[in-house]
Each structure stands twice: as structure tokens, then as C-alpha cells.
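The lines below spell out each chain.
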Amino acid sequence: MVVHGDKEVNKQLTKLISDLKDYQVALYIYSFARFLEVILLENFDEAYLDQITNKIYDYSFKYREIYTLCYDKIQNYADSSVNANLLKGFGNINKVLGETIAKVPVINNLQIDEVLIETGDKIKNYSSKKADKGIEKLIENQSSYVVPFVEKIEEINKLYNRPLEILFDHENIYLKSLEE
């Protein structure tokens, strides 16, 4: 088992967030480029549009898999740090000490036991909140931001390859897919 502290966890987390951000930007640019390709080439063939949306979804799914794997690894890494284990251990000691004092008849009336138990719980909660704070930065990178591009390509597919009902008035045009 490799010994590491919170400083090393934060260093790894910062590097991971940077790498995931780069991946996220690359996926976003790819999706945007494929959307522009559809618009500029004016290729509205249904099979072609389905192929593009499926490819974007595949890449997005792979991003989510990698993100989930990284999230789990960094969470375990943070939970196994020396600082986290010391705080948890200290919290457990306080709680056990409080529970032991609660069993002593004369001292249990002084509420020292309740204070120690409560303090032990707070220390353990502080340890997990401290780790969660760093992980929150990672959660911000959860989305791949490709859904708007896929939705627009699917809308183009519906407009060009499915029967529509068109209604209009003096201000608006309304489109309704007949296959829904």
C-alpha cells in the first residue's frame, strides 16, 4: 500500500480534471464539426444522419465510462489518504470513548459521553466533506455537452426524412411530425 496525503490527492485530482476537460473539449469540437458537416454538405440522407448521431453517442458513452472509472479511482484514492484515515480514526476513538463513558454510572450524568460521541461523528463527517469538496470539481466535468448537436441533427433528420404536417399563421410556422 502506497502512503499518500491530501496534497498528493489534490495534485492527482487537478491533473485528472485537466485531462477530462481536454477530452470534453475534443468531444464537443468533434460533435460541432459533424453538425456543421451536415449543414454545409446538405447531405440529409437518413442513414448518414443516423450514422453521425450514433457515432457521437458512442464517443459520448465512452467519455462517460472513462469519467466514471476516473471518479471511482480518485474517490478511493482520496478515501485512502493518510489525512482521511487519521481523521476517521480520531473520530472513531472519540465515539468509542464517549460510548464507554456512557456506561460509567456516575460520569454519564455529566454529558461528556454525548459530547465525545457527537465530536467523533463531526470529525468523521469533516473528513468525508473535505474529500467531497475536491470531488465536486470533478463532477462539473461529468457532461460531454454533445446533446444539443445530436438533438439538432435528429431534428434535421425528422424534417427531411419523415412526413410532416405544416401549419402557419401570419407570424409563425408550426411543424408536427406525423409519426409520433
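The rules we used
- Residues numbered from 1 in each chain as written.
- Predicted model: local features only at pLDDT ≥ 70, side-chain atom pairs only at ≥ 80, totals over all residues.
- Heavy atoms only, no water.
- Patch = residues over 30% accessible without salt bridge, like charges linked within 9 Å, V, L, I, M, F, W, Y side chains within 5 Å.
- Areas by Shrake-Rupley, 256 points an atom, 1.4 Å probe, with all protein chains shown as cover.
- Salt bridge = Lys/Arg side-chain N within 4 Å of Asp/Glu carboxyl O.
- Lys, Arg positive; Asp, Glu negative; His and termini not counted.
- Charge placed at Lys NZ, Arg CZ, Asp CG, Glu CD.
- Buried < 20%, exposed > 50% of the residue type's maximum accessible area, 1.4 Å probe, protein only.
- Helix = DSSP H or I, 4+ residues; strand = E, 2+ residues; numbered from the N terminus.
- Contact = heavy atoms within 4.5 Å.
- Pairing = 2+ DSSP bridges.

Colleague: Please provide a residue-by-residue account of a negative patch on the surface, values included.
Modeller: A cluster of like negative charges, contributed by Asp45, Asp50, Glu151 and Glu154, occupies part of the molecular surface. Assessed through its relative accessible area of 40%, Glu151 is described here as partly exposed.

Colleague: How would you summarise the side chain of Ser60 if you had to cite specific residues and measurements?
Modeller: If you trace the backbone, Ser60 turns up in helix α2 (residues 46–79). In contact with Ser60, not counting residues within four places along its chain, are Leu27, Ser144 and Val146.

Colleague: Go over a nonpolar patch on the surface with me, naming the residues and quoting the values.
Modeller: Residues Val25, Tyr28, Ile29, Phe32, Leu36, Ile39, Leu40 and Tyr145 make up a contiguous nonpolar surface patch of roughly 740 Å² in combined accessible area. Looking at where Ile39 falls in the secondary structure, it is placed in helix α1 (residues 6–41). Owing to a relative accessible area of 36%, Ile39 belongs among the partly exposed residues under this scheme.

Colleague: Got a sec to walk through the pairing of strand β2 (residues 173–177)? Specific residues and values, please.
Modeller: Taken together, the 5 bridges between strand β1 (residues 164–168) and β2 define a ladder with antiparallel strand orientation. Note on β2: the bridge partner recorded for Ile166 is Leu175. Hairpin remark: β1 followed by β2, antiparallel, with 4 residues in the connecting loop.

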